[in-house]
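# Architecture and fold: a report
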Amino acid sequence: KQEVTQIPAALSVPEGENLVLNCSFTDSAIYNLQWFRQDPGKGLTSLLLIQSSQREQTSGRLNASLDKSSGRSTLYIAASQPGDSATYLCAVTGVSNQGGKLIFGQGTELSVKP
Amino acid sequence: GAVVSQHPSRVICKSGTSVKIECRSLDFQATTMFWYRQFPKQSLMLMATSNEGSKATYEQGVEKDKFLINHASLTLSTLTVTSAHPEDSSFYICSAPGQGGWKTEAFFGQGTRLTVV
């Protein structure tokens, strides 16, 4: 059974810092891994999707890496801003999944202080 | 990107009543829609998968008679919480695969905060 874990559960940093969020998964047989942002009481916004054959994806100040063999992904946020404050979730789509359901981690709650 | 519209965003209902939540794919056809539930400070857990024109598939431990799912068209899926109780209070959210299919990016609705009093 696939399990996804995110560390840390919460993170508080001053504005301008670079930071790394971690995601690990127990079953390396995945199709892809996706990083999402969730604002309080809101839905999910997709940030980056990494296919299993890819090593990383970049979008603006965000860079996500994937090491499928070790079951790890990181989300790197450069020059953090207060507007980056949110909960960040990673999720995997497993090869054994039927129809592509996502298995989510518990999320990392990020607070960027001005 | 694709847009999934979910309504209502918030609902408060009395215990014993039923609540219907709608998810619409606005600019694409969603043959499959996933329904998730999220309790406070916890992650999203898949409840069921709805497929247009066929019965929904429920995850283990989810009561199909309590959480009725209907996927009547390629753009609309509904989740009805029947005889709601306070323990059903949660954040419900739907998701549809993008036009590239389920191996590509997933798009989520805005979520529905259900409070049963």
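Use the structure listed above.
Residues numbered from 1 in each chain as written. Chains lettered and ligands numbered in written order. Predicted model: local features only at pLDDT ≥ 70, side-chain atom pairs only at ≥ 80, totals over all residues. Heavy atoms only, no water.

Another aspect to go through is the side chain of Thr82(B). Here Thr82(B) shows up in the loop between strand 8 (76-81) and strand 9 (90-97). Leave out the neighbours within four places in its chain, and Thr82(B) touches Thr17(B), Ser18(B), Asp65(B), Lys66(B) and Leu68(B). (Helix = DSSP H or I, 4+ residues; strand = E, 2+ residues; numbered from the N terminus. Contact = heavy atoms within 4.5 Å.)

Here we come to the environment of Lys101(A). Checked against the element boundaries, Lys101(A) lands in the loop between strand 9 (86-94) and strand 10 (102-104). In this structure the C-alpha to C-alpha distance between Lys101(A) and Ala91(A), which are 10 residues apart in sequence, comes to 9.5 Å. A polar contact of 2.8 Å, which involves the side chain of Lys101(A), links it to the side chain of Glu59(B). (Polar contact = N/O pair within 3.5 Å; in protein donor to acceptor, adjacent residues only side chain to side chain.)

Pairing between the strands of a sheet is mediated by backbone hydrogen bonds and can be parallel or antiparallel. Residues and elements named next belong to chain A. Pairing in this open sheet of 5 strands is antiparallel, and the strands run 1-3-8-7-6 from one edge to the other. The sheet is open, and its two borders are formed by strand 1 (4-7) and strand 6 (56-59), each paired with just one other strand. Averaged over neighbouring strand pairs, the angle between their axes works out to 15° when direction is ignored. Pairing between strand 3 (residues 19-25) and strand 8 (residues 72-77): 6 bridges, direction antiparallel. Within strand 8, the position partnered with Leu-19 by the bridge is Ile-77. (Pairing = 2+ DSSP bridges. Axes fitted to C-alpha atoms, helices over the stretch in contact; angles between N-to-C directions.)

Chain A puts 24 residues into the contact, and the matching count from chain B is 19 residues. The contact between chain A and chain B buries some 1,700 Å² in all, and 55% of this surface belongs to carbon and sulfur atoms. Considering only the side of chain A, the residues that lose the most area to chain B are Leu44(A), Lys101(A) and Phe104(A), jointly responsible for 25% of the buried surface there. In this assembly, chain A and chain B are joined by 1 salt bridge. Residue Glu59(B) is joined to Lys101(A) by a salt bridge in which the shortest nitrogen-to-oxygen separation is 2.8 Å. (Buried area = accessible area lost by both parts, 1.4 Å probe. Salt bridge = Lys/Arg side-chain N within 4 Å of Asp/Glu carboxyl O.)

Any link to function would need more than the numbers given here.
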